[in-house]
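Close look at the chain arrangement
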Amino acid sequence: MYKLKYLPWRELFQIAIIATLILIPLELLVGWGYSSSPIVRQIIQRIYTPPLNTIVYIAAAVGVGALAVYIGERRRVVGLVNNPSLWALVLCVMLGLLVKSLLPIPSILVNFRDFGTLIGVVFGVFGRAKKLSR
């Protein structure tokens, strides 16, 4: 508990906000493509049929987690590549996704209510951080 106080919370929340703000236009773009193009609608309907939809949700969540670490890398956040900071980043990203789910924005790519999202974000954060630590 003592170490939690000294994590770079402000930077981690900023990273999560930026990652969420990048995700929102992507979801709006996919939603616009779904509503305006029959070809895109067919592709999305095929991708989001079970069991492929679970894989797509998890893959999108992995992308969001990796994007968050990438943003932290570009912002040169000190101490980002250690376990407590990465778990705190997962928490911040999930809180960002929670806030996004409360907004009237369609959750096409990343659905907060799905447990696969948490798993995907964890894999994305730690997978990308593992590449950084090499």
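Refer to the preceding data block for the structure.
On a predicted model such as this, the values are computed, not experimentally measured, just so you know.

Cut-off values and rules
- Residues numbered from 1 in each chain as written.
- Predicted model: local features only at pLDDT ≥ 70, side-chain atom pairs only at ≥ 80, totals over all residues.
- Heavy atoms only, no water.
- Phe/Tyr/Trp six-rings, centres within 6.5 Å; stacked < 30°, edge-to-face > 60°.
- Buried < 20%, exposed > 50% of the residue type's maximum accessible area, 1.4 Å probe, protein only.
- Helix = DSSP H or I, 4+ residues; strand = E, 2+ residues; numbered from the N terminus.
- Contact = heavy atoms within 4.5 Å.
- Axes fitted to C-alpha atoms, helices over the stretch in contact; angles between N-to-C directions.
- Parallel < 35°, antiparallel > 145°, perpendicular 65-115°, else oblique.
- Left-handed = near helix turned anticlockwise from the far one by under 90°.
- Nonpolar A, V, L, I, M, F, W, Y, C, P; charged D, E, K, R; others polar.

1. Structural notes on the packing of aromatic side chains
Per the stated rule, a full pass over the model turns up 3 aromatic pairs. An angle of 55° between the planes, with centres 5.5 Å apart, marks the rings of Tyr48 and Tyr57 as tilted. Residue class for Tyr57 comes out buried when judged on its relative accessible area of 17%. Relative to Phe126, the ring of Trp87 has its centre 4.9 Å away and its plane inclined at 55°; by these criteria the two rings are tilted. Residue Trp87 is found in helix H4 (residues 83–102), and its partner Phe126 is found in helix H5 (residues 115–133); the two are separated by 39 residues along the sequence.

2. A look at the side chain of Asn111
Among the secondary structure elements, Asn111 is positioned in the loop between H4 and H5. In this structure Asn111 comes out as buried when scored by relative accessible area, which is 19%. Ignoring sequence-local partners within four residues, the contact set of Asn111 consists of Tyr57 and Thr117.

3. Section: the packing of helix H1 (residues 9–36) against H4
Look at H1 against H4: their axes get within 8 Å of each other, and the N-to-C directions meet at 45°. Viewed along their axes, H1 and H4 adopt a mutual orientation that is oblique. Read as a crossing pair, H1 and H4 show a hand that is right-handed. Together, Trp9, Leu12, Phe13, Ile15, Ala16, Thr20, Leu23, Ile24 and Glu27 of H1 and Ser85, Ala88, Leu89, Leu91, Cys92, Val93, Leu95, Gly96, Leu97 and Lys100 of H4 make up the contact between the two elements. Looking at the contact of H1 with H4, its residues break down into 14 nonpolar, 3 polar and 2 charged.

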